[in-house]
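# Summary of structural features
One letter stands for each residue in the lines below.
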Amino acid sequence: MKSITLLAFLAPLATAYNWGQSCANETLDSATDILSASCNIGDGLGTFQTTSLDLNTCLAYTSDHKIAYAKNGNFSTSCDNCELYRLPDKTYGECCGITRPWLNCTCTDSTAEVALNLDGIRITNRYGVLTCP
């Protein structure tokens, strides 16, 4: 019974894509839209390695003026001047200091800058390597 309870508790974590909680020192090259970070490899020793991911392989600019997950979406054909920053988590930010990585861009046909919580989409840290399955 204990293992079933544990699995029920861990199931949401497997699909949350919270790479921002296991990676640090993330940067974005706004000319190439390459996200780089130092990510925990999951060896239990706290070992981190540098990894990078071309966000064009994960994101698209949609017809409803949003940046969203899309395999090979090439969002940079419609968006530029992107910046990466962290904001406090809505639930745990104030009490626990948890922050989430956000992307902010200027996109075509949008009257305002477009923002996206990068922890809320399918970017994952797989043993120290950023991917978007």
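Going by the structure above, here's the rest.
The notes below deal with the structure included here. On a predicted model such as this, the values are computed, not experimentally measured, just so you know.

Rules behind the numbers
- Residues numbered from 1 in each chain as written.
- Predicted model: local features only at pLDDT ≥ 70, side-chain atom pairs only at ≥ 80, totals over all residues.
- Heavy atoms only, no water.
- Helix = DSSP H or I, 4+ residues; strand = E, 2+ residues; numbered from the N terminus.
- Buried < 20%, exposed > 50% of the residue type's maximum accessible area, 1.4 Å probe, protein only.
- Contact = heavy atoms within 4.5 Å.
- Areas by Shrake-Rupley, 256 points an atom, 1.4 Å probe, with all protein chains shown as cover.
- Core = buried A, V, L, I, M, F, W, Y, C linked by side-chain atoms within 4.5 Å.

## Some remarks on the overall build of the protein chain
Counting its regular elements, the protein chain contains two helices and 10 strands. The linear arrangement of helices and strands in the protein chain, starting from the amino end, is α-β-β-β-β-β-β-α-β-β-β-β. Counting every position in the protein chain, which comprises 133 residues, the buried fraction comes to 31%. Look at the contacts in the protein chain between residues 6 or more apart in sequence, and 43% of them connect residues 24 or more apart. Accessible surface computed for the protein chain: about 7,900 Å², of which carbon and sulfur atoms make up 55%.

## Re unusual backbone geometry
The phi dihedral of Asp-33 falls on the positive side, at around 60°, and the residue is not glycine. The backbone phi angle of Asp-109 is positive, close to 60°, even though this residue is not glycine. Tracing the backbone shows Asp-109 in the loop between strand S7 (99-107) and strand S8 (114-117). Judged by relative accessible area, which is 67%, Asp-109 ranks as exposed.

## A closer look at the nonpolar core
In this structure, Leu-55, Leu-59, Ile-67, Phe-75, Leu-103, Ile-123 and Leu-130 are the most contacted members of the largest nonpolar core, which totals 25 residues. Sorting the residues of this core by element identifies strand S1 (23-29), strand S2 (34-40), strand S4 (59-61), strand S6 (79-88), S7 and S8 as the ones contributing at least two each. In this view, Leu-55 contacts Leu-28, Asp-33, Leu-35, Phe-75, Leu-103 and Ile-123; residues no more than four positions away in its chain are not counted.

## Side note on the environment of Leu-118
Examined against the element boundaries, Leu-118 turns out to sit in the loop between S8 and strand S9 (124-126). Between the C-alpha atom of Leu-118 and that of Asn-18, which follows or precedes it by 100 residues, the distance is 8.4 Å. With residues near it in sequence (within four places) discarded, Leu-118 still touches Trp-19, Leu-59, Leu-84, Pro-101, Trp-102, Leu-103 and Ile-123.

Worth remembering: the numbers are spatial, not functional.
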